[in-house]
Amino acid sequence: MWTTLRSRPIISGALIALLGVYFVVLGGWLAWLGGSLYYVVAGLGILASGLLLAAGRRFGRTVYLVVWVGTVVWAFWEIGPNVFGLVARLVAPTVLLVYVYMPWIGRSLDGRRGGGPSRNRVAAGSLAVAAVALGAASIGYTSAQTGGPAEATPPAGASEWPEYGAGLGGQRYAALPDITPQNVSQLEVAWTANTGDTADEAERNHLREFHSEATPIKIGDTLYTCTPHSWVLAINATTGEIKWTWKLQAQREGNPYLVCRGVSYFQAPEGAPCRERIFAPTFDARVVALDVKTGKECEGFGEGGYINLRANAGPSSPGMQITTSPPLVANNRLIVGSRIRDNRAVDEPSGVIRAYDPVSGAGVWAWDMGRGEDAIAPLPPGEVYTRGTPNVWGAMTADQTLGIVYLPLGNPTPDYFGGQRRPFDERFGSSITALDIETGKLRWTFQTVHHDVWDFDLPIGPSLVDLPGPSGSGTVPALIQTTKTGQVFMLNRATGEPIARVEERPVPQNGAAPGERLSPTQPFSVGMPSFTPPPLQEKDAWGATPIDQLICRIQFRQSRHEGIFTPPGLTPMIGNPAFDGVTDWGGAAIDPERQLITVNLMNMPFRIRLIDRTSPDAPKAKPVQSGEQPSSPEAVGEDASSEQHYPQEGTPYIAAVQAWLGPFGAPCAPPPWGELATVDLTTRKVVWRTTLGTSRDTNLFGLKDNLPLPTGTPNLGGPIVTSGGVVFIGATTDQYLRAFDQRTGEELWKARLPAGPQATPMAYRGNDGRQYVVITAGGHGAIGTRYGDATIAFALPKS
């Protein structure tokens, strides 16, 4: 083959001509749709160049050189000094230019031999021009900074991490000053505990989702954690020795979604059996109470150590209702929500929130919004809580002094059509709702999205912080709620009133499906920085090469997109953000001393449309086997770009959802696909914003190996911050635990992990006096990271 190419340019010319035909035809289609004319014009030049080269004419090189120069000019005109925008437009054409000017192509052109020194210099010069252009464009791309905040004196150290979010307020803050920006590079693995629980064959084949998302808690000298198959482990916090393991005995079949984010601790009154206990969620919709010393069920709790959350929920198939997040224990109440499978039907199990006596397991109250705004007594056997109501699947937070639990509510089922929703669905869907811990009485509610038909449910409870009062007098009890929309709300946690101004703004109304009733406005937190992505334009469409970028541009022109809140309808829309959101269940980390909040961000749009179930197109809608939302691109390679369908029984429409990817598997949205940002809560301005993650473990066509390009990656899990001024985060697809300077956003250190770290880390002081940082690395089916079973602790070297 190579001998043929070197002796006769006819094959190369023919292939280049075919490439020109591709750009002429599809570029013409794009132009007909109202898009850029560049591709059809460049295609004509590439076609002419290829035909001339195939005919042995040296002028074919010159024609392509003109196309390349025009491409460089067009690229800078359209996208400016945007490094990744220029990569998509210039790298592949430059490689082709270099190839065209190689000596073996020059031989036999017009009967001459060799490419000639001047021609070879053209190829070298084009590479140099491209390199200089891309290098200049990349200057200043790392992080946008507005200046570091004032220093704060680190508070005294704390040894525990007793709750999922460090404390009931979900700050994810460790008052530990030992690890600093100056010494964090010295961190080393202190111990690794292997749980023995990893993905089975069904999960590796994506027939069932295995998501390792646990954040351990620390009580005394022991860490307590859980695994996707509902195992609970006690681990020595200083040595990593596993003290005991409890394993749920239940059938995995029929449970499509296996995850456990964490457990909770409770100490019963003196003299009570099983006095110190761990409460853990299970994938069969129960909560188990375990003795912290032995790992055995607390027989006096509930029924043999269990609470059954399917009680009074009505009929449902296995896996329709499960528990994934740690129960909340506060003020002598054990408060539990459930995860309900998305998009199956209107008639799904209730999203009821229930409170139990943490000693006996007896029900105390049940908040069923369909029966009123205040909680009721638990229903007797045979009665059913209101079906299909918004649920709480993420971790809740609480203020014990105010006696309030904060519920991050989802939306009523299904997600993408709401014409059938009831008044209480509309009032409480996608809201922060505050209930009295003791009684379940409604204190207040604040809705972050009205009539949510985008799956912008709240994935985690707010983080609580006290802020300086007006004119520096006293403090104001505040909460910070991150959202999938990218809006950050700052409310008074006692009253629900906004501290930072919230404004109702008109949102797109065109294109909704018949029978839908949209909200004309949505709340925007204009008093806080917004991480909501701006509306996409055709020029934003990305791709690894102009070939797939052209397909992305065509798809953009074929879709509706007016920015966030573009309604789903019978023609495709681009959801940006989509169901994974700008921020997800990892939430934010708050430094209460420096008054800083750090949050990780994602950029991964999807295309969404509704299909009339009576139309001829409807039979093509095959149900999703896992019942989970479609995976991100890395999970299943090319399959992730296929349209996945959700029945939404009880509505007129099937929902069709598809990752917005090009034909090679590269996202159609431009990088960065993951970022980390810090906001000053006093000035309410972004302090810094930087790329999070590299392309090391993601590539085209679903391949796992790549160069570590600073593209950012999809990320699941959240950050923590320490009083030493260091932010720690895993979350990314390139399998690192990273440390960032809290003041500047500079990446200070990273450690390669054996599996995906899609979990929030935690930190504490061990019995040996050292500060430890711990991360779960077990992999995640939704974003395709490697599976494992490790809990890994890092510490500074022993002195």
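The structure this text deals with has already been given above.
A brief look at the structure comes next. (Residues numbered from 1 in each chain as written. Predicted model: local features only at pLDDT ≥ 70, side-chain atom pairs only at ≥ 80, totals over all residues. Heavy atoms only, no water.)

On to the packing of helix H2 (residues 10-32) against helix H10 (residues 546-558). When two helices pack together, their arrangement is given by the angle between the helix axes and by the axis-to-axis distance. Contact geometry for H2 and H10: axes closest at 10 Å, N-to-C directions at 15°. In this view, H2 runs roughly parallel relative to H10, as classed from their interaxial angle. In this structure, H2 meets H10 at a crossing whose hand is left-handed. In this structure, H2 contributes Leu19, Tyr22, Phe23, Leu26, Gly27, Trp29 and Leu30 to the contact, and H10 contributes Pro546, Ile547, Leu550, Ile551, Arg553, Ile554, Arg557 and Gln558. Grouping the amino acids of the contact of H2 with H10 by side-chain chemistry returns 11 nonpolar, 2 polar and 2 charged. (Axes fitted to C-alpha atoms, helices over the stretch in contact; angles between N-to-C directions. Helix = DSSP H or I, 4+ residues; strand = E, 2+ residues; numbered from the N terminus. Parallel < 35°, antiparallel > 145°, perpendicular 65-115°, else oblique. Left-handed = near helix turned anticlockwise from the far one by under 90°. Contact = heavy atoms within 4.5 Å. Nonpolar A, V, L, I, M, F, W, Y, C, P; charged D, E, K, R; others polar.)

This part is about the environment of aspartate 741. Tracing the backbone through its elements, the reader meets aspartate 741 in strand S39 (residues 736-741). Once residues within four sequence positions are removed from consideration, aspartate 741 is found in contact with Pro181, Trp688, Gly725, Glu746 and Leu748.

Moving on: empty space enclosed by the protein. Evaluation of the coordinates by the stated rule reveals 7 cavities of 30 Å³ or more. Of the volumes computed, that of the second largest cavity is approximately 140 Å³. The wall of the second largest cavity is formed by 17 residues, among which Tyr164, Gly165, Leu328, Ala395 and Met396 lie closest to the centre. Each residue belonging to the lining of the second largest cavity can be placed in one class, and the counts come to 9 nonpolar, 6 polar and 2 charged. (1 Å grid on protein atoms, 1.4 Å probe; cavity = no way out; pocket = protein on both sides within 12 Å on 5 of 7 lines; lining within 4 Å. Points joined across faces, edges and corners; volume = space filled by probe spheres on them.)

Moving on, we get to the sheet that holds strand S37 (residues 720-722). Pairing in this open sheet of 5 strands is mixed, and the strands run S2-S37-S38-S39-S40 from one edge to the other. A single partner strand is all that each edge strand has here, and the edge strands are strand S2 (173-174) and strand S40 (747-752). Relative to S39, strand S38 (residues 726-729) runs antiparallel, the two being bridged by 4 bridges. Across the sheet, valine 726 pairs through a bridge with aspartate 741, a residue of S39. (Pairing = 2+ DSSP bridges.)

With that out of the way, let us pick up the nonpolar core. One broad rule of soluble globular proteins: the nonpolar side chains tend to lie buried together. Ranked by internal contacts, the top residues of the largest apolar core, which has 37 residues, are Trp191, Phe728 and Trp749. Mapped onto this core, the elements with two or more residues apiece are strand S3 (188-194), strand S7 (231-236), S38, S39, S40, strand S41 (762-765), strand S42 (771-777) and strand S43 (790-795). Excluding anything up to four places from it in sequence, phenylalanine 728 contacts Ile179, Val184, Leu187, Gly718, Pro719, Ile720, Thr722, Arg738, Ala739, Trp749, Pro761 and Val773. Core analysis: the second largest hydrophobic core is formed by 31 residues, Ala88, Trp454, Ile564 and Ala655 among them. (Core = buried A, V, L, I, M, F, W, Y, C linked by side-chain atoms within 4.5 Å. Buried < 20%, exposed > 50% of the residue type's maximum accessible area, 1.4 Å probe, protein only.)

Looking now at H2. Relative to the 33 Å expected for 23 residues at 1.5 Å per residue, H2 spans 32 Å between its end C-alpha atoms, a close match to the ideal helical length. If you check which residues of H2 are buried, you get Ser12, Gly13, Ile16, Ala17, Gly20, Phe23, Leu26, Gly27 and Leu30. Looking one or two residues past H2, glycine 34 carries a phi angle of roughly 100°, positive in sign. (Expected span 1.5 Å × (residues − 1).)

Our focus in this paragraph is the side chain of glutamine 758. For glutamine 758, the location among the structural elements is in the loop between S40 and S41. Reaching out from glutamine 758, the side chain makes a polar contact with the backbone oxygen of alanine 731 at a distance of 3.0 Å. A polar side-chain atom of glutamine 758 sits 2.6 Å from a polar atom in the side chain of threonine 785. Not counting chain neighbours up to four residues away, the residues in contact with glutamine 758 comprise Ser212, Glu213, Trp585, Leu716, Ala731, Thr732, Thr733, Thr776, Gly779, His780, Ile783 and Thr785. (Polar contact = N/O pair within 3.5 Å; in protein donor to acceptor, adjacent residues only side chain to side chain.)

With respect to the element layout, glutamine 487 can be found in the loop between strand S25 (475-482) and strand S26 (488-492). Classification of glutamine 487 by relative accessible area gives buried; the value is 5%. Non-local contacts of glutamine 487, meaning those with residues more than four positions away in its chain, are made with Gln481, Thr482, Pro523, Phe524, Ser525, Ser530 and Thr532. Polar side-chain contacts of glutamine 487 include one of 3.0 Å to the side chain of serine 530.

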